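# Breakdown of the fold
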Amino acid sequence: MSPRSLVALALAAALTVAAVPPPSERVPDHVRPGRPVAPPPAPAPEDDAPLPDLDEIDPVRFGEDETIVEHAQVTTRGGIDQMWVDIIRPDTDEPVPTILIASPYYNTLGRGWRGELKNAHQGPQNPTQPVAQLLGGGSSFVDFPEWYDEYFVARGYAVALMDLRGSRNSSGCQVYGDRAEVLDTVDVIDWIADQGWSNGKVGMTGGSYDGTIAIGAAVEQPMSGRHPDALAAIIPLRAISRWYDYHFFNGVQSQGHALTPALFTAVIAGLDTQTSGTDDVLLPLHLAERKACIPTFGMLVNTGYASPYQDARAPFWRQRDFTRSAPGIRAATFIVSGLFDFNVKNHNTSYLWDALPDHLPRKLWWMNGGHGDPHTPEGARSNTMPFPFQDRFVEATHRWYAQYLKGLEAGAHATPTVETQRADGSWDADEVWPAAGEDLVLGFGPDGTLSASDRDGVVAFSDGPTGSAPASHVVVTAPFTQATRLSGQIAFDLEATISGPDATVAVDVRAVPPGVDPSASATAVHDGATDRPLQATYGWVRAYYRDSVPARGLSTPTGGSSLTPGETVRLRFGALPTDLVVPEGWSLALRFASSAGGTLASQVGGDVELRTPSDGGIRIPVAPS
């Protein structure tokens, strides 16, 4: 059968199979009846209408000598903990909006693509207090890390940088994503809204942990903030929406993240040096508290995470789940995330995007890259940022904040709702994501192929030392007869016969150029090169959670059970969401094994055999051409 016929048959088959339904609508746990909602975004101008000129509507108005630099210690709602906030703002009687970044990294990793650390706070009798430089943090020390103060203060914004609890000069214990961190941030937002220099509007942003706090604060502010609408806009960058999804995917644990809570609550907590000096009247108490946190709160956090495989509904994870209450977010939300980020994997973004309320002003950028900073300059190409776009990112950030913090018609929605960066650095535009389309439904062919019609083949691999099958099994599609865009989650619906009490099934999905060995070492750098397979996405599932994992959408593994050795079970699970153009002549290769992408195999599955049931298969989401 020719490749063109194969694809034609597959597409025809896709039309006869019902699409996997999206996750059901979720209602936040603390919905308040009758509460006001955010207004819908302003209608976009005509396609040929020019974007508003930011230099005209929101220009530079203040010089470097027209700023006020100060710090505050904001007492949180419990009346005990104090959050340290460094502030720079224009010296004016005009109330201004605030851009807030809450981070645990100002003494450790540093922030931004330069890894900038905060200078030590030099109180009247504290000129030489050292700063802890941990985890490979940069050697650049500045008063205000990243670019926001340099750009926005001159344009009439305050910039506030908050030390997260248990880090640098804030008191309290590091709790690794617990709701307490978000409550602290809401209290700081309320404090900012009360200041005479504030216009009452706050925007949040930041990368990784910092962006995660922005998402959490956007969920929490309407529920428990004294000023429910004070957090008006957020721009989370490569951020976590559910901490479970940072460590797990469909019940499979990430090997690289296994010790992260202890790293934060013990190692960093013991070394992160406070620099507040005599400006903190409670400094001796706070120094003693930082050490005391390790065997108390730190031990509790680590105990909550201790078991290697947990139920996603366990209290530890529910306290760290912002997606379940995301329908209550009021802050205009602009998400920037890497399509190939295997640190904060992109199901965090996809699940959050699906959960946002329909009326909310929102925007999504999928970067071609990994866990990179979108402010990386254009000349600084890297594995995580093959095609940097600093100017584009700065402009979009400015439009978002000008529109939602100052109320200007800044063109925040004059550009497409969703934009996706491609392998040549260009951007595609959509109004919805995933892009609407049909499923290409394939199964295991008997000759090592993925076929739309002949689906009687078996894929076998070994999970653990008792298995006799090969360590992995690769199946390949015929070459695509035209450039084909995949948008969304590849969904797996398979039968598995497992000779042990449990098993991990991992799928490494690759786009393979013509003439290239699909089993060769893959590259995760999407820059148009054609000499190696291209890492597209991964899929995982733990058989223990087989009854609670959907084929697509929000996955909350719960109530698992062991298998009877030799039992045949149905496994439905999705891959990490993706948006990829497979060029004409390329193929897709799926490598099945017990682990992939830095995950932990169960090591008790023995031999695993996978088959394609008559009413199942592998559903590949193909967007319209």
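Because the structure is a prediction, the values reported are computed rather than measured. (Residues numbered from 1 in each chain as written. Predicted model: local features only at pLDDT ≥ 70, side-chain atom pairs only at ≥ 80, totals over all residues. Heavy atoms only, no water.)

All right, on to the nonpolar core then. Membership of the largest hydrophobic core comes to 109 residues, with the highest contact counts inside it found for Met 204, Phe 492, Phe 592, Leu 610 and Ile 618. Ranked by size, the runner-up nonpolar core spans 36 residues in total, among them Tyr 148, Ala 233, Ala 396 and Trp 400. (Core = buried A, V, L, I, M, F, W, Y, C linked by side-chain atoms within 4.5 Å. Buried < 20%, exposed > 50% of the residue type's maximum accessible area, 1.4 Å probe, protein only.)

Let's shift gears to the pattern of salt bridges. Taken as a whole and judged by the stated rule, the model has 30 salt bridges. Across the pair Glu 116 and Arg 114 runs a salt bridge whose closest N-O atoms are separated by 3.4 Å. Residue Arg 570 pairs with Asp 615 through a salt bridge whose shortest N-O separation is 2.7 Å. Placement of the pair is Arg 570 in strand E23 (residues 567-574) and Asp 615 in the loop between strand E26 (606-611) and strand E27 (617-622), with a sequence separation of 45 residues. Accessibility expressed as a relative area gives 22% for Arg 570, which makes it partly exposed. Residues participating in the shared-partner salt-bridge network are Arg 422, Asp 428, Asp 430, Arg 485 and Asp 579. (Salt bridge = Lys/Arg side-chain N within 4 Å of Asp/Glu carboxyl O. Helix = DSSP H or I, 4+ residues; strand = E, 2+ residues; numbered from the N terminus.)

Pairing is mixed in the open sheet, where 10 strands are placed in the order E1-E2-E6-E3-E7-E8-E11-E12-E13-E14. Looking at which strands have only one partner, the edges of the open sheet turn out to be strand E1 (67-75) and strand E14 (427-430). For this sheet, the mean angle separating the axes of adjacent strands, direction not counted, is 15°. In the sheet, strand E7 (residues 198-207) pairs with strand E8 (residues 231-237) via 6 bridges, with the strands oriented parallel. Each bridged residue has a counterpart across the sheet, and for Gly 207 the counterpart in E8 is Leu 237. (Pairing = 2+ DSSP bridges. Axes fitted to C-alpha atoms, helices over the stretch in contact; angles between N-to-C directions.)

By the definition in use, this model includes 1 disulfide. Paired by a disulfide, Cys 173 and Cys 293 hold their sulfur atoms 2.0 Å apart. Across the S-S bond linking Cys 173 and Cys 293, the dihedral sits near -80°, which makes this disulfide left-handed. Here Cys 173 is found in the loop between strand E6 (158-163) and helix H4 (179-194), whereas its partner Cys 293 is found in the loop between helix H8 (283-292) and helix H9 (297-305), with 120 residues between them in sequence. Overall, Cys 173 belongs to the buried group, its relative accessible area being 7%. (Disulfide = S-S within 2.5 Å.)

One can find Glu 419 in strand E13 (residues 418-421). Assessed through its relative accessible area of 7%, Glu 419 is described here as buried. In terms of polar contacts, Glu 419 uses its side chain to reach the side chain of Trp 365, at 3.3 Å. Those residues in contact with Glu 419, other than ones at most four positions away along the chain, are Leu 364, Trp 365, Trp 366, Arg 392, Trp 427 and Asp 428. (Polar contact = N/O pair within 3.5 Å; in protein donor to acceptor, adjacent residues only side chain to side chain. Contact = heavy atoms within 4.5 Å.)

Bringing the packing of aromatic side chains into the picture now. Aromatic ring pairs are reported here in terms of the distance separating the ring centres and the angle at which the planes meet. This model, assessed by the stated rule, comprises 35 aromatic pairs. Summarising the aromatic geometry, the rings of Phe 249 and Trp 540 are spaced 5.5 Å apart at their centres and angled 65° between planes, so their arrangement reads as edge-to-face. One end of the pair, Phe 249, is in strand E9 (residues 248-249); the other, Trp 540, is in strand E22 (residues 534-542), and 291 residues separate them in sequence. Judged by its relative accessible area of 3%, Phe 249 is buried. Of the aromatic side chains, those joined through ring pairs into one cluster are Trp 147, Tyr 148, Tyr 151, Phe 152, Tyr 157, Phe 393 and Tyr 401. Cation over ring: Arg 392 sits above Trp 427, and NZ or CZ is 4.2 Å from the ring centre. (Phe/Tyr/Trp six-rings, centres within 6.5 Å; stacked < 30°, edge-to-face > 60°. Lys NZ or Arg CZ within 6 Å of the ring centre and 35° of its normal.)

Per-residue confidence for the protein chain averages 89 on the pLDDT scale, and 89% of its residues sit at or above 70. Across residues 1-46 the pLDDT falls below 50, and counting only partners more than four positions away or on other chains, this stretch makes 77 contacts in the model. In this model residues 125-132 is a low-confidence stretch, pLDDT under 50, and it forms 23 contacts with partners more than four residues away in sequence or in other chains. (pLDDT = per-residue confidence, 0-100.)

This paragraph deals with helix H11 (residues 347-355). Counting buried positions along H11 yields 8 of 9 residues, so the element is predominantly enclosed. Of all the positions in H11, only His 347, Asn 348, Thr 349, Ser 350, Tyr 351, Leu 352, Trp 353 and Ala 355 are classed as buried. Buried-residue contacts for H11 involve helix H5 (209-224), helix H6 (244-247), E9, strand E11 (332-338), strand E12 (362-367) and E13.

To continue, consider the packing of helix H7 (residues 260-271) against H9. Two elements in contact, H7 and H9, have axes whose closest approach is 9 Å; the angle formed by their N-to-C orientations is 175°. Classified by the angle between their axes, H7 and H9 sit roughly antiparallel to one another. On H9, the residues that touch Pro 261, Ala 262 and Thr 265 of H7 are Gly 298, Val 301, Asn 302 and Tyr 305. Residue composition of the contact of H7 with H9, by class: 4 nonpolar, 3 polar and no charged. (Parallel < 35°, antiparallel > 145°, perpendicular 65-115°, else oblique. Nonpolar A, V, L, I, M, F, W, Y, C, P; charged D, E, K, R; others polar.)

With that out of the way, let us pick up the pairing of E1. Within a regular beta strand, the side chains point alternately toward one face of the sheet and then the other, so they alternate between its two faces. Summarising the sheet, E1 and strand E2 (residues 82-90) pair through 9 bridges and their orientation is antiparallel. Within the sheet, the bridge partner assigned to Gln 73 lies in E2 and is Trp 84. Between E1 and E2, which pair antiparallel one after the other, the connecting turn spans 6 residues, and Gly 79 there sits at a positive phi close to 80°.

Our next topic: a negative patch on the surface. On the surface, a cluster of negative charge is made up of Glu 64, Asp 65, Glu 66, Asp 91 and Asp 93. Following the sequence through the fold, Asp 93 ends up in the loop between E2 and strand E3 (96-103). (Patch = residues over 30% accessible without salt bridge, like charges linked within 9 Å, V, L, I, M, F, W, Y side chains within 5 Å. Areas by Shrake-Rupley, 256 points an atom, 1.4 Å probe, with all protein chains shown as cover. Lys, Arg positive; Asp, Glu negative; His and termini not counted. Charge placed at Lys NZ, Arg CZ, Asp CG, Glu CD.)

What follows covers the packing of H4 against H5. Where H4 meets H5, the closest approach of the two axes is 8 Å, and the angle between their N-to-C directions is 70°. As the angle between them shows, H4 and H5 are arranged roughly perpendicular. Relative to H5, H4 is oriented so that their crossing is right-handed. Residues Arg 179, Glu 181, Val 182, Leu 183, Thr 185, Val 186, Ile 189 and Asp 190 of H4 lie in contact with H5, whose contacting residues are Tyr 209, Ile 213, Gly 216, Ala 217, Glu 220, Gln 221 and Ser 224. For the contact of H4 with H5, the per-class residue count stands at 7 nonpolar, 4 polar and 4 charged. (Left-handed = near helix turned anticlockwise from the far one by under 90°.)

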